[in-house]
Every structure is written in C-alpha cells, then in structure tokens.
Amino acid sequence: MPGLSQWPGEFEIIRRFFSAQRVVDADTEIGIGDDCAILNFATAARLALTTDTLVAGVHFFSDTDPARLGHKALAVNLSDLAAMGARPRWTLLALTLPENDPEWITAFARGFFRLAERYGVQLIGGDTTRGPLAVTVHALGTIDEGPAVKRSGAQAGDAVYVSGSIGLAGLGLKIRQGAYLVPDEEALDRLEAPEPRTAFGLRLGEFASAAIDVSDGLVADLGHILEQSSVGAEVDWEVLPLSSAVCRYVADSGDWEMPLVAGDDYELCFTASPAYAHAIALAADATATPVRRIGTIRAGSGLIIRRYGRSVELPYSGYVHFSPGDTRR
Ligand SMILES: Nc1ncnc2c1ncn2[C@@H]1O[C@H](COP(=O)(O)OP(=O)(O)OP(=O)(O)O)[C@@H](O)[C@H]1O
Ligand SMILES: Cc1ncc(C[n+]2csc(CCOP(=O)(O)O)c2C)c(N)n1
Ligand SMILES: [Mg+2]
C-alpha cells in the first residue's frame with residue numbers, strides 16, 4: 001500500500017505539480033508541506049497582503065488555455081501589489097478542480113510558475129480541493145521604504161495618469177463573447193494573460209499621491225480614488241491611450257464608453273502633483289512602461305469626461321458582482 005503522499009489524489013497533485021519551485025525566498029522559514037508557511041524576516045520592511053479569486057464562467061471562460069489561467073491568477077494579485085508600490089515576494093494558491101487532469105494541471109502550473117519566477121515570487125502554500133473550477137491566489141509583498149501608495153491621497157490640481165492602454169481586455173471579452181467580429185490577438189492576450197505593472201509600481205512611491213490598478217474599469221477604479229480622497233476629476237477622452245483595434249471598435253460600434261467602463265486591463269491609474277511630470281517620465285522610461293496623463297483632479301466630487309468639446313458626468317460604473325445582471329463588461 002502506498003504511503004499517503006503517494007495516493008494519486010490531492011497530495012500527489014501538490015507533490016507533483018506545486019512543491020518543486022526553483023524560487024526560494026531567503027526569508028521563508030517553512031514553505032509548502034506543513035499546516036502553515038512561516039516567514040521570518042528581520043528587516044524593517046512592511047508586509048502588503050492581497051487576495052483575488054477567479055471563477056470559471058465569471059472571470060474566465062471554462063475552456064481558457066490553462067497556462068494563461070495560471071498566469072492570470074497570479075498576475076491579478078501582483079497587479080494589486082504594484083498599485084501600492086509593494087515588491088512581490090510570496091504567494092499562496094487555493095485551487096478547486098473538477099477533476100484530476102494531469103495535462104491541464106501541468107499547463108496551469110507552467111503558466112503560474114513562469115510568471116512567479118520572472119518576478120522572484122515563491123509559492124509557499126495553498127489548498128487543493130475538488131469542486132467547480134475556481135482559483136484563489138494570495139500574494140504577499142514588502143514595502144521596503146517610504147509610505148505605501150494609497151487610494152486616499154489625491155489632491156485638487158494633481159494630474160491623473162494611466163499606464164499602458166485601456167479597453168484592450170474589454171475588446172478581448174467582446175471578441176470572446178462573439179459580440180464583435182474583428183479578431184485581435186493583442187486584445188485576447190490582455191484579457192487572458194495581463195502583465196502586472198510591477199516594475200513601474202515599485203517607482204510609484206517617488207511621485208504618486210494615490211494609485212489603484214484597473215480591474216473593474218477606469219471609471220470605477222478612478223472613482224475609488226476620488227471617493228477615498230474626497231475629490232473629483234476631469235478626464236479628456238481624446239487623450240486616452242487606446243490601441244488601434246480599440247479605436248476601430250469605438251468607430252465601428254459608437255460605444256465610446258467601453259474603454260472607460262470595461263475591466264480586466266490591469267493597468268495602473270495614479271495621481272501626482274504636476275511638479276513630478278519629469279520624475280514620472282524618467283520612471284516610465286527606466287521601466288519601459290508607457291504612461292499617459294489623461295486628466296486633472298478637481299475639488300468637489302464626481303468624474304467629468306470631456307469629449308469633442310462636450311462634458312459628460314459619468315457614474316462610477318464598471319464591473320460589479322451582484323449588480324443587476326452582473327455587468328458583463
Ligand atoms: N470578503 C471580504 N472580507 C474582507 N475584506 C474584503 C472582502 N472582500 C473585499 N475586501 C476588501 O475590500 C477592499 C476592496 O476590495 P476589491 O476586491 O474591490 O479590491 P481589489 O482587489 O483591488 O479589486 P479587484 O477584486 O477588482 O481586483 C479591499 O481592501 C479588500 O481587501
Ligand atoms: C467569462 C468572463 N466574463 C466576464 C469577464 C469580465 N470580468 C469578470 S470579473 C471582472 C472584474 C474583475 O473581477 P474582480 O472584481 O472579481 O477582481 C471582469 C471585467 C471575464 N473576464 N470573463
Ligand atoms: Mg486592485
């Protein structure tokens with residue numbers, strides 16, 4: 001009779017797919033294999049902790065390439081660490097699988113560990129259960145010096161910036177849903193395998209008064225900054241960083257709000273005093289991160305979008321679980 005750890009069940013999945021990672025963080029006293037992981041770090045660094053769940057049929061299509069799903073499950077958590085200026089270090093992985101399909105799990109683990117290794121992140125524990133497909137990842141990072149970049153620090157007169165480009169994942173979702181018929185690889189890549197803005201996130205502390213990552217949509221997430229900072233903002237639609245495919249979608253459909261309300265882009269939206277414009281350009285350059293000023297923080301409340309000489313006030317709408325019909329953006 002095989003020892004418990006040899007049974008082809010959850011323990012075999014853990015042993016075979018998840019417990020032999022090359023990355024080992026020096027401050028990990030106990031990793032995978034006991035009731036808890038133990039971290040032992042004597043430095044003055046503070047810990048940043050976050051968690052995000054991806055559920056089949058809600059966050060991803062059940063037939064998504066498992067390597068891309070493994071990547072995305074970690075990426076969305078690294079994105080939250082980036083938004084606070086934290087350095088990613090450790091992760092925990094809670095995996096609920098409908099079946100023990102070694103090929104699927106091998107590909108999932110490949111995507112997960114490839115990203116983890118690129119950022120030096122160690123998997124230190126998790127949970128493996130049988131049930132409807134869902135992935136929950138916890139990520140832990142350190143803030144080595146300076147204050148964390150919060151949602152609540154934006155001030156009237158600050159500039160509003162966004163990294164990369166927005167609306168790509170929303171376009172990918174429309175294509176995946178069959179609601180838009182012009183294929184675009186870049187859009188599908190953004191939807192299924194977003195890249196966390198980790199390197200730029202580590203520079204945010206140098207200049208940002210507030211920051212958030214764009215998971216639910218620019219308007220909804222900038223809205224969190226505005227509410228938590230008790231300010232309003234104006235955003236110029238014409239300067240939004242949109243890929244040519246997103247521009248074409250807007251021209252074809254007339255749906256100019258899509259890039260503002262669709263989620264899943266995992267870009268960083270942040271605010272900073274105009275005095276930091278040069279520092280921001282240097283950080284963008286040093287980390288090869290496109291960054292665009294899209295608007296200005298104003299006293300008061302509410303978000304005004306300026307578009308071709310008109311001003312429209314948009315509600316802070318985006319992807320909201322449990323909203324009527326669960327906004328399928
Ligand atoms: N069930 C919960 N119990 C305790 N805190 C929660 C719970 N759900 C969310 N939170 C906290 O509420 C805040 C807002 O959560 P939210 O999920 O909107 O943030 P986010 O992770 O940046 O967004 P997203 O999930 O879209 O990536 C966070 O501080 C989060 O830790
Ligand atoms: C199949 C499928 N349908 C819809 C979407 C869009 N979507 C789902 S959750 C979410 C916000 C982020 O989630 P959370 O707030 O839970 O972190 C978005 C934009 C998708 N990616 N896949
Ligand atoms: Mg976030």
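Structure's up top.
What you see is a predicted model, and the numbers here were worked out from it, not measured in a lab.

Contact geometry for helix α4 (residues 168–177) and helix α5 (residues 185–192): axes closest at 7 Å, N-to-C directions at 100 degrees. One finds that α4 runs roughly perpendicular with respect to α5. Taking contact as the criterion, the partners of L168, A169, L171, G172, L173, I175 and R176 in α4 are, on α5, E186, A187, L188, R190, L191 and E192. Its residues placed into classes, the contact of α4 with α5 shows eight nonpolar, one polar and four charged.

So, about the site of ligand 1. D52, D80, R151, S215 and D216 make up every residue found near ligand 1. Measuring from an oxygen atom of ligand 1, one finds a side-chain N or O atom of R151 at 3.1 Å. Contact between ligand 1 and D216: an oxygen atom at 3.1 Å from a side-chain N or O atom of the residue. When ligand 1 sits alone it has 620 Å² of accessible area, and the protein chains cover 32% of it. Its residues assigned to classes, the shell around ligand 1 comprises no nonpolar, one polar and four charged.

Bringing the site of ligand 2 into the picture now. Around ligand 2, 15 residues are found, and the nearest of them are V58, H59, D216, D264 and H321. The contact in question runs from an oxygen atom of ligand 2 to an N or O atom on the side chain of H321, over 2.7 Å. Coverage of ligand 2 by the protein chains reaches 91% of its 530 Å² of free accessible surface. A per-class count over the shell around ligand 2 returns seven nonpolar, four polar and four charged.

Let us now look at the sheet that holds strand β3 (residues 46–55). With mixed pairing, the four strands of this open sheet are ordered in space as β3-β6-β4-β5. Here the strands that pair on one side only, and so sit at the sheet edges, are β3 and β5 (122–130). Adjacent strand axes in the sheet meet at a mean angle of 15 degrees when their direction is disregarded. The pairing of strand β4 (residues 87–97) with β5 spans eight bridges and is classified as parallel. If you follow L97 over to β5, its bridge partner there is R130. Packing against the sheet, helix α1 (residues 10–18) makes contact with β4 and β5, and its axis sits at approximately 150 degrees to β5. This element, helix α3 (residues 102–118), spans β4, β5 and β6 (134–143) of the sheet and lies at about 165 degrees to β4.

With that settled, consider the sheet that holds strand β10 (residues 268–272). Strand-to-strand pairing in sheets goes through backbone hydrogen bonds, with the strands running parallel or antiparallel. The seven strands are arranged β8-β10-β7-β11-β9-β12-β13 in an open sheet whose pairing can be described as mixed. Among the strands making up the open sheet, the edge pair consists of β8 (208–213) and β13 (310–314). Here the average twist between neighbouring strands, direction ignored, is 25 degrees. Note: strand β7 (residues 159–163) against strand β11 (residues 291–298), five bridges, orientation antiparallel. For V162, the partnering residue across the bridge sits in β11 and is R292. In the packing of helix α2 (residues 66–83) onto the sheet, contacts are made with β8 and β10, and the angle to β8 comes to roughly 170 degrees.

What counts and how
Residues numbered from 1 in each chain as written. Chains lettered and ligands numbered in written order. Predicted model: local features only at pLDDT ≥ 70, side-chain atom pairs only at ≥ 80, totals over all residues. Heavy atoms only, no water. Axes fitted to C-alpha atoms, helices over the stretch in contact; angles between N-to-C directions. Helix = DSSP H or I, 4+ residues; strand = E, 2+ residues; numbered from the N terminus. Parallel < 35°, antiparallel > 145°, perpendicular 65-115°, else oblique. Contact = heavy atoms within 4.5 Å. Nonpolar A, V, L, I, M, F, W, Y, C, P; charged D, E, K, R; others polar. Near = heavy atom within 4 Å. Polar contact = N/O pair within 3.5 Å; in protein donor to acceptor, adjacent residues only side chain to side chain. Areas by Shrake-Rupley, 256 points an atom, 1.4 Å probe, with all protein chains shown as cover. Pairing = 2+ DSSP bridges.

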